[in-house]
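As a plain string of letters, each chain reads:
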Amino acid sequence: MSQQNSFMVFSGTATRYLAEKICQSLGCPLGQLVITKFSDGEFAVSYEESIRGRDVFLVQSTFPNSDNLMELLLMIDAAKRASARTINAVIPYFGWARQDRKDKPRVSIGAKLVADLLSAAGVNRVITMDLHADQIQGFFNVPVDHLYASNVIIPYLQNLNLPDLCIASPDVGGSKRANTYAKFLGCPLVLCNKTRARANVVESMQIIGDVEGKNVVIIDDMVDTAGTITKAADIMKAAGAKTVRACASHCVMSGPASERVQDSALEEIVFTDSIPYSQRCAKVKQLSVADLFAQTIRLVIENKSISSQYLI
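Residues numbered from 1 in each chain as written. Predicted model: local features only at pLDDT ≥ 70, side-chain atom pairs only at ≥ 80, totals over all residues. Heavy atoms only, no water.

Engineer: Would you mind showing me how to read the overall build of the chain here?
Structural biologist: For the chain, the helix and strand inventory stands at 9 helices and 14 strands. Here the C-alpha atoms of the chain give a radius of gyration of 20 Å, agreeing with the 20 Å that 2.2 N^0.38 yields for 312 residues. The burial tally for the chain puts 52% of its 312 residues in the buried class. When the accessible surface of the chain is summed, it comes to about 14000 Å², and 48% of that surface belongs to carbon and sulfur atoms. (Helix = DSSP H or I, 4+ residues; strand = E, 2+ residues; numbered from the N terminus. Rg over C-alpha atoms; globule rule 2.2 N^0.38 Å. Buried < 20%, exposed > 50% of the residue type's maximum accessible area, 1.4 Å probe, protein only. Areas by Shrake-Rupley, 256 points an atom, 1.4 Å probe, with all protein chains shown as cover.)

Engineer: I keep staring at helix α5 (residues 150–160) and nothing clicks. Help me out?
Structural biologist: One turn of the α-helix equals 3.6 residues, which is why residues spaced by three or four share an orientation. Along α5, the positions that sit buried rather than exposed are S150, V152, I153, I154, Y156 and L157. Considering only its buried residues, α5 is in contact with α6 (175–185), β11 (215–223), β12 (243–251), β13 (269–272) and β14 (284–287). Note on α5: the residue one or two positions beyond its end, N161, has a positive phi of about 50 degrees. (Contact = heavy atoms within 4.5 Å.)

Engineer: Help me understand the environment of G53, please; the structure alone is not making it clear to me.
Structural biologist: Position of G53 among the secondary structure elements: in the loop between β3 (43–47) and β4 (55–59). Classification of G53 by relative accessible area gives partly exposed; the value is 29%. Between the C-alpha atoms of G53 and L18, which are 35 residues apart in sequence, the distance is 25 Å.

Engineer: Hey, could you run me through the environment of V152 in this one?
Structural biologist: Checked against the element boundaries, V152 lands in helix α5. Apart from the residues lying within four places of it in its own chain, the contact partners of V152 are T272, L287, S288 and V289.

Engineer: Teacher, can you tell me more about the packing of aromatic side chains here?
Structural biologist: Describing an aromatic ring pair means giving the distance of the ring centres and the angle of the ring planes. What the rule picks out here adds up to 4 aromatic pairs. In this structure, K37 is placed above the aromatic ring of F43, and the distance from its NZ or CZ to the ring centre is 4.6 Å. (Phe/Tyr/Trp six-rings, centres within 6.5 Å; stacked < 30°, edge-to-face > 60°. Lys NZ or Arg CZ within 6 Å of the ring centre and 35° of its normal.)

Engineer: What am I meant to see in the pattern of salt bridges here?
Structural biologist: As enumerated under the stated definition, the model contains 12 salt bridges in all. In this structure, the salt-bridge partner of E268 is R245, at a minimum N-O distance of 3.3 Å. Of this pair, E268 sits in the loop between α8 (257–263) and β13 while R245 sits in strand β12, and the two are 23 residues apart along the sequence. (Salt bridge = Lys/Arg side-chain N within 4 Å of Asp/Glu carboxyl O.)

Set out below in structure tokens:
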């Protein structure tokens, strides 16, 4: 069996747009898979071609709703029962990742539960990008290839050639990520200290550092309701920042997010296409990570190191 025929790529419903780009970059066809839906909302997965003895790569982000996760689990189970040699889950956006610890009594650890579900279904490897917390890799008992959106975001920022560049983190929790960007780009770092009234609601925020006369770029891993990122942008603009942009890996953008971004002081907000974005907001720009995932898949197939995939 030739290397080209030794692997096959399949996609769930929600991430087909990205799987098609990945296949185009790999120079292979997207595998034939049918998801049959029943009137009560249940669905079934069926591979329409033989995958016996093949290395299968299943592309599916697990953003809400939970059907996307269930589709992936059924795809894994069907591949296992169809005698695939290895089953590799390609999850550009790993959902439930914000539930990575017990931050108060009597709560679930959703990220660990999802990892257990994937393992129980029969996955052999997980390829994902910018987990909300790096330690989630340890929730798995199979290899996890953890990629970073910085591979596409940093070249974009460098092409902007912004003078007086300053990197900012919207909260203290993201300081490590923002500091990595600041060191690589050789520019100062600013932090925002925020307190939350409750989930998705920011109570107060203060800037730690000087942004006056600076072109600020806020770095985050995801933007959900955009409350934090827009509040940070408005405060920095009021503090004398020349321009404020934001870059984040995952475009969750739920609820009032698009309106908040459009009405904020942000010049633009840049995401990857790990999650599709269909709403209209002139300030939103998406960069594709298809080539990043395609190259990683190619290296995995060839049993080569993926270290070359890390820019920072």
